Amino acid sequence: MPSNRAAWIPARHRPLEVGPAPYTAPGPGQIVVRNHAVALNPLDWVIQLAGRVAYTWLTYPAVLGADLAGEVVEVGADVTRFQPGDRVLALSVGTDKDADSAAQGAFQHYAVVEERLASPLPPGLSYVDAAVLPLGLSTAACALFQKDHLALPHPTATPQPSGQTVLVWGGSTSVGTNAIQLAVAAGYEVITTASPHNADRLMDLGATRVFDYRSPTVEADIVEAFAGRTFAGALAVGPGSTPACIRIAGKCHGNRLVSMVTAPVTFENGFSLLRTATGMVGGMVSWQGAAWRRGVRLKFVIGSDLKKNEVATAIFRDFLPDALAQGRYQPLPPASTVGSSLEDLQHAMDLQRKGVSATKLVVTLD
């Protein structure tokens, strides 16, 4: 049995501690992956910083991390898509309430993952580049394709034009770059926002128009761009994105639904239970009121919800493997390697908390 090590979070608000971890065999429908690269997400440091209000169910010590890429070392019963030696990327769901499993966290050498949340890697794709995909891809897919969100048809290699347009606010983010590619692969036009220096990259991904989110006229400009277009819904990513999308959706014709990734409060400047609680409640009341007045629907996106429905299979089995192998899908945003061991993960989380733009931080575990 392999010897495992993990970067544990021993208790709420505590820094990561590297130490031995059990090697857990896969159950039915699961695989064990020897991780070679893991990526960082804001969720990781939010759980660490705001444990009293974020993921209150989590059992400690815990293993965080959602994005991984590595080599399959063992497969469970009923697994047919993979065998030992296969190179994969996968979404780790160990911190989900229905899992609450340290064995399924990404921040360790050997992680248990669900077969339906894994995709094979083509020979030319490195573990580092592959690790940027899982959570951003999954979150975008949940927003675009789940029946209780935008409910677009699933992406294919030969999409039929829908004649409709999706708004992605925050196009250069991890979720945004995936949402643009997925929406285009489903046959939709995409209008998005980003800094001007990222505009060409997003156009290369298939976006029809890219607007500077800092422009004082950006909302009016986007509404004008939707004239004559059918609004298929919006995905709001980043601070200030939801109110802007609500105002824009209220002036457009079509599916006035805004799928939200970002909460009304942020934790970059520290955590206060009172400030967080009042900010969350007050922010949601304000957003819901603004949406109701404009005939707009709001819904939060939970990035791992696709594991409960057909979207996981549509993305990780039916679409992504061929799309990556044929170069039709790009692993974005670009990876920035910031460490080479479990001991580097806390530093990487601290860097992520300070803020990154148009990149995703990755730690290798070779």
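Shown above is the structure to which this text applies.
These numbers come from a predicted model, not from an experiment.

**Q** What is the right way to read the overall build of the protein from this model?
**A** In terms of regular secondary structure, the protein is built from 10 helices and 16 strands. A compact globule built from 366 residues should have a C-alpha radius of gyration of about 21 Å, and the protein, at 20 Å, falls within 12% of that. Counting only C-alpha atoms, the protein reaches 60 × 50 × 35 Å along its principal axes. Taking all 366 residues of the protein together, 56% fall into the buried category. Taking all contacts inside the protein whose residues are at least 6 apart in sequence as the whole, residues at least 24 apart take part in 73%. When the accessible surface of the protein is split by element, carbon and sulfur atoms take 53% of a total near 14,700 Å². One finds the centroid of the 29 positive side-chain charges in the protein at a distance of 9 Å from the centroid of its 30 negative side-chain charges.

**Q** How do you make sense of helix α4 (residues 174-185) when you look at a structure like this?
**A** Across its 12 residues, α4 extends 17 Å between first and last C-alpha, which sits within 8% of the 16 Å expected from 1.5 Å per residue. In terms of burial, α4 is a largely internal element, 11 of the 12 residues being buried. Within α4 the residues assigned to the buried category are S174, V175, G176, T177, N178, A179, I180, Q181, L182, A183 and A185. Just downstream of α4 lies G187, where phi reads positive at about 95 degrees.

**Q** Honestly, the packing of aromatic side chains in this entry has me stumped. Any pointers?
**A** If you walk through the whole model with that rule in mind, you get four aromatic pairs. A ring pair is formed by Y23 and Y110, whose centres lie 5.5 Å apart and whose planes are at 75 degrees; its orientation type is edge-to-face. Here Y110 lies in strand β7 (residues 110-114) and Y23 lies in the loop between β2 (17-21) and β3 (30-39), a separation of 87 residues in the sequence. As far as the burial class goes, Y23 and Y110 line up, both buried.

**Q** What am I meant to see in helix α3 (residues 134-145) here?
**A** Helical geometry note: an α-helix holds 3.6 residues per turn, so side chains three or four residues apart project in the same direction. Between its first and last C-alpha atoms α3 spans 16 Å; for 12 residues at 1.5 Å apiece the expected length is 16 Å, and the two agree. Counting buried positions along α3 yields 12 of 12 residues, so the element is predominantly enclosed.

**Q** Honestly, the nonpolar core in this entry has me stumped. Any pointers?
**A** For soluble globular proteins, nonpolar side chains are generally found buried alongside one another. Judged by nonpolar contacts, the single largest core of 58 residues is most densely connected at L89, L144, F145, L182, L306 and Y329. Counting 40 residues, the second-largest nonpolar core is a separate cluster that includes A7, Y60, V79 and F107.

**Q** Would you explain the layout of surface pockets in this entry?
**A** Empty space among the atoms becomes apparent when a probe as large as a water molecule is rolled across them. For the second largest pocket, the calculated volume is near 170 Å³. Residue lining of the second largest pocket: T156, A157, P159, Q181, V184, A185, D204, L205, F319, R328, Y329 and Q330, and that is the complete set. Ranked by the residues each element gives to the lining of the second largest pocket, the list is headed by α4, at three residues. Looking at the lining of the second largest pocket, its residues break down into seven nonpolar, three polar and two charged.

**Q** Just checking my understanding: could you explain the packing of helix α6 (residues 218-225) against helix α7 (residues 241-249) for this structure?
**A** The geometry of a pair of packed helices is captured by two quantities: the angle between their axes and the separation between those axes. Where α6 contacts α7, the two axes come as close as 10 Å, and the packing angle between them is 40 degrees. As far as their axial angle goes, α7 and α6 are oblique. The handedness of the crossing between α6 and α7 is right-handed. Within the contact between the two elements, α6 uses E219, I222 and V223 and α7 uses A244, R247 and I248.

**Q** Help me understand the sheet that holds strand β4 (residues 62-63) in this model?
**A** Pairing between sheet strands relies on hydrogen bonds along the backbone, with the strands arranged either parallel or antiparallel. One open sheet holds the three strands; their spatial order is β2-β1-β4, and the pairing between them is antiparallel. Taken across any chain shown, the strands that pair with only one partner, and hence form the sheet edges, are β2 and β4. Sheet analysis places strand β1 (residues 4-9) next to β4, joined by two bridges and oriented antiparallel. Residue pairing across strands places W8 opposite V63, the latter belonging to β4.

**Q** Sorry if this is basic, but what is going on with the packing of helix α1 (residues 42-49) against helix α10 (residues 345-354) here?
**A** Between α1 and α10, whose axes approach to 9 Å, the crossing angle comes to 100 degrees. By the angle class used here, α1 and α10 are roughly perpendicular. On the side of α1, the interface is formed by P42, D44, W45, Q48 and L49, while α10 contributes Q346, M349, Q352 and R353.

**Q** Even after reading the chapter, I still don't get the environment of V301, so can you show me in this structure?
**A** Mapping V301 onto the fold places it in the loop between β14 (297-300) and α9 (311-325). Once the C-alpha coordinates of V301 and T59 are considered, the two residues, 242 residues apart in sequence, prove to be 23 Å apart. With residues up to four places along the chain from it excluded, the contact list for V301 reads T139, C142, A143, H149, L235, S259, M260 and V261.

**Q** Where do I start with the pattern of salt bridges in this structure?
**A** If the charged atoms of two oppositely charged side chains come close together, the side chains can form a pair. Within this structure, the stated rule accounts for 11 salt bridges. In this structure, E17 and R14 form a salt bridge, with 3.1 Å as the shortest nitrogen-oxygen distance. Residue K308 is joined to D305 by a salt bridge in which the shortest nitrogen-to-oxygen separation is 3.4 Å. Since its relative accessible area comes to 59%, K308 is described here as exposed. Taken together, the shared-partner salt bridges connect D96, D98 and K307 into one network.

Cut-offs applied
- Residues numbered from 1 in each chain as written.
- Predicted model: local features only at pLDDT ≥ 70, side-chain atom pairs only at ≥ 80, totals over all residues.
- Heavy atoms only, no water.
- Helix = DSSP H or I, 4+ residues; strand = E, 2+ residues; numbered from the N terminus.
- Rg over C-alpha atoms; globule rule 2.2 N^0.38 Å.
- Buried < 20%, exposed > 50% of the residue type's maximum accessible area, 1.4 Å probe, protein only.
- Contact = heavy atoms within 4.5 Å.
- Areas by Shrake-Rupley, 256 points an atom, 1.4 Å probe, with all protein chains shown as cover.
- Lys, Arg positive; Asp, Glu negative; His and termini not counted.
- Charge placed at Lys NZ, Arg CZ, Asp CG, Glu CD.
- Expected span 1.5 Å × (residues − 1).
- Phe/Tyr/Trp six-rings, centres within 6.5 Å; stacked < 30°, edge-to-face > 60°.
- Core = buried A, V, L, I, M, F, W, Y, C linked by side-chain atoms within 4.5 Å.
- 1 Å grid on protein atoms, 1.4 Å probe; cavity = no way out; pocket = protein on both sides within 12 Å on 5 of 7 lines; lining within 4 Å.
- Points joined across faces, edges and corners; volume = space filled by probe spheres on them.
- Nonpolar A, V, L, I, M, F, W, Y, C, P; charged D, E, K, R; others polar.
- Axes fitted to C-alpha atoms, helices over the stretch in contact; angles between N-to-C directions.
- Parallel < 35°, antiparallel > 145°, perpendicular 65-115°, else oblique.
- Left-handed = near helix turned anticlockwise from the far one by under 90°.
- Pairing = 2+ DSSP bridges.
- Salt bridge = Lys/Arg side-chain N within 4 Å of Asp/Glu carboxyl O.

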